[in-house]
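# Report on the structure
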Amino acid sequence: WEATDPDKDDLRYQVWLRRVGGSDWRLLAKDLVGNVYTWDTSLLPDARYLVRVVATDARANPAAAALQSEREAGPITIDNTPPQIRVRESSAPRAGT
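Residues numbered from 1 in each chain as written. Predicted model: local features only at pLDDT ≥ 70, side-chain atom pairs only at ≥ 80, totals over all residues. Heavy atoms only, no water.

Attention now moves to the nonpolar core. Generally speaking, soluble globular proteins have nonpolar side chains that are buried together. Grouped together as the largest cluster of nonpolar side chains are 14 residues, with contacts concentrated most on Y13, V15, L17, L32, L44 and Y49. Where this core is concerned, the elements lending two or more residues are strand 1 (12-19), strand 2 (26-32) and strand 3 (47-56). Take this core: its biggest share by element is five residues, from strand 3. Here L44 is in contact with L17, R26, W39, Y49, I78 and N80, once residues within four sequence places are set aside. (Core = buried A, V, L, I, M, F, W, Y, C linked by side-chain atoms within 4.5 Å. Buried < 20%, exposed > 50% of the residue type's maximum accessible area, 1.4 Å probe, protein only. Helix = DSSP H or I, 4+ residues; strand = E, 2+ residues; numbered from the N terminus. Contact = heavy atoms within 4.5 Å.)

Here you go:
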């Protein structure tokens, strides 16, 4: 993501995740510096998710003057199910039999 502040205030970020169709957002990270965040999705159930990034200038301003902005992205698909291989018996004769 990209974010700018017209006053050049120090920005910090939060990253949230919500399953499509769900109502609860889950906080993945807070107080991030910079615009990159990676996480291990292997523990999440297979589904489609929305991601919300919240930017705030609260560290550079008094509480009454702090501002924030947010943006949602997605849906993204998380798929941790490995492929399945099945071997079918063939009715064709085997070579050498």
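In this section: the packing of aromatic side chains. Scanning the entire structure with this criterion turns up two aromatic pairs. Summarising the aromatic geometry, the rings of Y37 and W39 are spaced 5.8 Å apart at their centres and angled 20° between planes, so their arrangement reads as stacked. Classification of Y37 as partly exposed rests on a relative accessible area of 25%. Geometry around W25 places R52 over its ring, the cationic atom sitting 4.0 Å from the centre. (Phe/Tyr/Trp six-rings, centres within 6.5 Å; stacked < 30°, edge-to-face > 60°. Lys NZ or Arg CZ within 6 Å of the ring centre and 35° of its normal.)

Empty space within the largest pocket amounts to approximately 490 Å³. For the largest pocket, the lining is made up of 24 residues, of which W1, E2, A3, V53 and R71 are closest to its centre. Breaking the lining of the largest pocket down by element, the ones donating at least two residues are strand 1, strand 3 and strand 4 (68-78). Looking at the lining of the largest pocket, the element that brings in the most residues is strand 4, giving six residues. (1 Å grid on protein atoms, 1.4 Å probe; cavity = no way out; pocket = protein on both sides within 12 Å on 5 of 7 lines; lining within 4 Å. Points joined across faces, edges and corners; volume = space filled by probe spheres on them.)

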